[in-house]
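# Observations on the three-dimensional arrangement
Spelled out from the first residue to the last, the chains are:
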2 protein chains.
Amino acid sequence: MDLVAELVALLGGPHVITADADQAPYLQDWRGRYTGRVQAVVRPATTEEVAAVVRLCRTHGAPMVPQGGNTSLCGGATPDDSGKAVLISLQRLNHIRALDTDNDTLTVEAGCTLAEVQAAAAEADRLFPLSLASEGTCRIGGNLSTNAGGVHVLRYGNARDLVLGLEVVLPDGQVWNGLRALRKDNTGYDLKHLFLGAEGTLGLITAAVLKLSPRPRSVCTAWVAVTDPAAAVALLRRFRTECGERLSAFELMSQMTLALVLRHIPGAQNPLAEIPSWSVLVELSDTRVDAALDRILESVLAPAMESGAVLDAAIASSEAQRLALWGLRENASEAQRHEGVSVKHDVSVPVSRIPEFLRRADAALTAAFPGIRIVAFGHVGDGNLHYNCSKPAADENAELLAEWGGLNRIVHDLAHELGGSISAEHGLGQLKRGEIRRYKSALEMDLMERIKRAFDPDGLMNPGKVL
Amino acid sequence: MDLVAELVALLGGPHVITADADQAPYLQDWRGRYTGRVQAVVRPATTEEVAAVVRLCRTHGAPMVPQGGNTSLCGGATPDDSGKAVLISLQRLNHIRALDTDNDTLTVEAGCTLAEVQAAAAEADRLFPLSLASEGTCRIGGNLSTNAGGVHVLRYGNARDLVLGLEVVLPDGQVWNGLRALRKDNTGYDLKHLFLGAEGTLGLITAAVLKLSPRPRSVCTAWVAVTDPAAAVALLRRFRTECGERLSAFELMSQMTLALVLRHIPGAQNPLAEIPSWSVLVELSDTRVDAALDRILESVLAPAMESGAVLDAAIASSEAQRLALWGLRENASEAQRHEGVSVKHDVSVPVSRIPEFLRRADAALTAAFPGIRIVAFGHVGDGNLHYNCSKPAADENAELLAEWGGLNRIVHDLAHELGGSISAEHGLGQLKRGEIRRYKSALEMDLMERIKRAFDPDGLMNPGKVL
């Protein structure tokens, strides 16, 4: 029997998709950069079915591409165009398996959307703190495979920091049951951390034990005008020193970014009198109802205003105002889209190097690409900037896109020089798989390749990604 | 030239120790369980010297045993008795390399004591939260290699959670420079997490970039009598829900444990009127000076007292009282030592299973070993118990020790049955290297062995440990 027939025998016809039109939504990435072809898209419903699919694919030498919500920004879940691969959609593994409120853990299957995981935590009066733009669509398995970041990393860590255990189908079809719900377990190599962030190249995450956090009962959000990025970093330090873990977001936004949001997003309003050179969205949250966060926030801002580092500030006085401030931040990408394509970056540097990065990148890009428009914003508390470049006119952008490589070179070389990363939270996927070789040492690439060979000697698991 | 001569040529005579008397302190573990022999103890002073030593050892086929402060509780840093190995002491790599206050990171060499690292953080008005009994002696490289735990894991995580980057000398003498100081970096497999907790079997950690936290400016500590472990778990949940990250310690202690401390530790005083069946040490801390922690603590305890789950409580009203409460907890092991040897365990289970573990372990051990005395205490907020067994009379203890295996079997089987671990924070070393094979799946052991072969094909790095 050929592979597709065997897959149909295993899963039933409706869950083995071979018609082009039905396959199409799975074969192109969210940004529309990559389009692949496959023998079949399969939709197993259980870990055992996933394992059986993997064993069949392996027997037939067919490459496998795991996919959750298909929201990768780097083509991490899109097959190549050889047509040899089988795309394994995890969307039917979408059950909440267990909730343990005394242990503060939630056991979920890979195909739950991030929003479903958040909701299950909220129902138990707990918080699952991972939060990002695509949360209604992305699946937790994908979030873990790319070690997703988002707006609350500052306080709660990256996706990997929220995981206690994993269940993984290995490239040979064996199932590793690492679904431990322990906060301490020192019995050998931490396999979990190897699969987290491996983008499905070492095995296929089918379930996870997630850590829950207490639910905040007070929140206070402000929009703050600062003189420059150095003032933002100084303010961050002051907030961390004085507020500790209350600080749950600290987002930076350039004048150009806010201007585009105000121009293009319906209902967007500037909370301040002018559009600041640099804005910071700062949020404090606390489990206590009587946390007096507005008073604390003001007490931190007051000396910074006196010293001139903070020029103006608006504290949200209602939930509607709070959401409006977040809307300004969350629509940054969307606003830029209204002005045409852009060359996007997802870089990180040590927080202390943020001002230097912004100053030097701006100067180098302006010199190399006169008239370039830089939309800089991001999670400055994590040293993570989304740094997007475009030209004011749409036709110039085609030109700029053609020089994509040269532009990347400037931005990535600088991030690297400052001890940074060319992919802070989006992973490598197909997009940065070549680029990373410029920056990672040959030794580190060799160590990664040794691990890949040890786990997937036939190279069938999500080939062409990461390595 | 023979290996020792080459090592002398490399490091100079004073740093290659061959005399038995001079070697002795390095060759026996802290508990006195294991004694080994070596060709030489070497004391390189730099990463380059470590790498050169490793290359020499490899050329000569000599096994290498890395050692920090020699405080392993599982014989993880003690050589075997073949006399073939070279013991590489990291104690001269003891420099603080860098401090970045805006990035909240500290770059340290492996041979710094944990106390030195804590002090460097404190000097910068920051906290390095790892804290454990041996902190004056143990070295940070060893802490990271065993992924040490301690009393503040509840709030700040295990040692691995406090690390952003590593420098590692690989088994072939190459140096991996992974000293990144980034909070977000998603560019491939997380090698750092592979070396952390690997007990020196995959490479030798020479330096690390550590995350710092804001320094608490308020602290409030209480000693609380609860009816039973279930009441302790319920109280923990209430504290987490209402106090969030303020909760920085939640330690459980049995009546027997406290009784031994009061009997043997000079100056120890019971903070309550009676010795409770079960005591909890709870601590809140906050970056704010005006945190009103005593009021918050009382507000959480009050309803628990009304419901009868909490029987009595004493809140420390001075720093001296606070330290006295901690003294009761920290002297638990020491107090038991006064009554002779004991069989010690370091198990973890999901927090929700703590009451069941204690109830069933107690019943099974009492049935199997009539008259057995159980000293149970630990980091219940992490699901981690130190569960030590002895007999009231010293001569009976020799008998009990002889049945060490059977006793372990009961405790470890139960922890495993409840989804737990037989080594929560001490690692495997030599002590539990065989025992773990009973509990970890063959598949997981196989994956670990594949990694070991990929990194150390000749098996020269700390052989006989972990695997």
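Note that this is a predicted model, so its numbers are computed, not measured.

Broken down by element type, chain A carries 17 helices and 18 strands. In terms of C-alpha radius of gyration, chain A reaches 23 Å, essentially the compact-globule figure of 23 Å for 467 residues. The principal-axis extent of the C-alpha atoms belonging to chain A is close to 75 × 55 × 45 Å. Out of the 467 residues in chain A, the part that is buried amounts to 62%. Sequence separation of 24 or more characterises 73% of the internal contacts of chain A that already satisfy a separation of 6 or more. Here chain A has roughly 16200 Å² of accessible surface; of this, 50% comes from carbon and sulfur atoms. When the 46 positive and 56 negative side-chain charges of chain A are each reduced to one mean point, those points stand 3 Å apart.

For the pair chain A and chain B, the superposition axis carries a translation of 0.0 Å, the fit reaches an RMSD of 0.0 Å, and the rotation angle comes to 180°. The symmetry that links the two subunits is that of a two-fold axis. Here 100% of the interface residues in chain A have copies in chain B that are interface residues too; the copies meet face to matching face.

The next subject is the environment of His379(A). Note on placement: His379(A) falls in strand S17 (residues 373-379). Spatially, the C-alpha atom of His379(A) lies 6.5 Å from that of Leu252(A), the residues being 127 residues apart in sequence. Filtering out sequence-adjacent residues up to four positions away, His379(A) remains in contact with Gly150(A), Val151(A), Phe250(A), Glu251(A), Arg329(A), Asn384(A), His386(A), Glu425(A) and Lys184(B). Here Glu251(A) takes part through its side chain, which lies 2.7 Å from a polar atom of the side chain of His379(A).

On the chain B side, the residues contacting the 92 residues of chain A number 92 residues. Counting the surface chain A buries against chain B, the share from its top three residues, Lys184(A), Asn186(A) and Tyr189(A), is 14%. Counting the contacts that link chain A with chain B gives 18 salt bridges. For Arg155(A), the salt bridge identified is with Glu245(B), shortest N-O distance 2.7 Å. Seen at the junction of chain A and chain B, the total is 58 residue pairs in polar contact (both at pLDDT 80 or more). When residues of the side of chain A that touches chain B are assigned to their parent elements, the largest contribution, nine residues, is made by helix H17 (residues 442-455) of chain A. Of the residues in the side of chain A that touches chain B, the class split is 33 nonpolar, 30 polar and 29 charged.

Moving on to helix H1 (residues 3-11) of chain A. All names here are of chain A. Among the residues of H1, Leu3, Val4, Leu7 and Leu11 are the ones counted as buried. Projected down its long axis, H1 carries its buried residues within an arc of 95°, all on one side. In this fold, the buried residues of H1 make contact with strand S1 (16-17), strand S2 (40-42), helix H3 (47-59) and strand S4 (86-89).

The next thing to look at is the packing of aromatic side chains. For the structure shown, the criterion picks out eight aromatic pairs over all chains. On the basis of an interplanar angle of 75° and a centroid distance of 5.4 Å, the ring pair of Phe357(B) and Tyr387(B) is categorised as edge-to-face. Of this pair, Phe357(B) sits in helix H13 (residues 354-368) while Tyr387(B) sits in strand S18 (residues 384-390), and the two are 30 residues apart along the sequence. Judged on exposure class, the residue Phe357(B) and its partner Tyr387(B) are both buried. What links up through ring pairs into an aromatic cluster is the set Trp176(A), Phe195(A) and Phe455(A).

Once that is clear, we can look at a nonpolar patch on the surface. Residue and element names in this part refer to chain A. A contiguous nonpolar patch, built from Val341, Leu401 and Trp404 and spanning about 240 Å² of accessible area, is present on the exposed surface. Counting through the fold element by element, valine 341 comes out in the loop between helix H12 (332-337) and strand S16 (346-348). We classify valine 341 as partly exposed; its relative accessible area is 44%.

Here is what the cut-offs are and how they apply
Residues numbered from 1 in each chain as written. Chains lettered and ligands numbered in written order. Predicted model: local features only at pLDDT ≥ 70, side-chain atom pairs only at ≥ 80, totals over all residues. Heavy atoms only, no water. Helix = DSSP H or I, 4+ residues; strand = E, 2+ residues; numbered from the N terminus. Rg over C-alpha atoms; globule rule 2.2 N^0.38 Å. Buried < 20%, exposed > 50% of the residue type's maximum accessible area, 1.4 Å probe, protein only. Contact = heavy atoms within 4.5 Å. Areas by Shrake-Rupley, 256 points an atom, 1.4 Å probe, with all protein chains shown as cover. Lys, Arg positive; Asp, Glu negative; His and termini not counted. Charge placed at Lys NZ, Arg CZ, Asp CG, Glu CD. Least-squares fit on C-alpha atoms with pLDDT ≥ 70 in both. Polar contact = N/O pair within 3.5 Å; in protein donor to acceptor, adjacent residues only side chain to side chain. Buried area = accessible area lost by both parts, 1.4 Å probe. Salt bridge = Lys/Arg side-chain N within 4 Å of Asp/Glu carboxyl O. Nonpolar A, V, L, I, M, F, W, Y, C, P; charged D, E, K, R; others polar. Arc of directions from axis to C-beta. Phe/Tyr/Trp six-rings, centres within 6.5 Å; stacked < 30°, edge-to-face > 60°. Patch = residues over 30% accessible without salt bridge, like charges linked within 9 Å, V, L, I, M, F, W, Y side chains within 5 Å.

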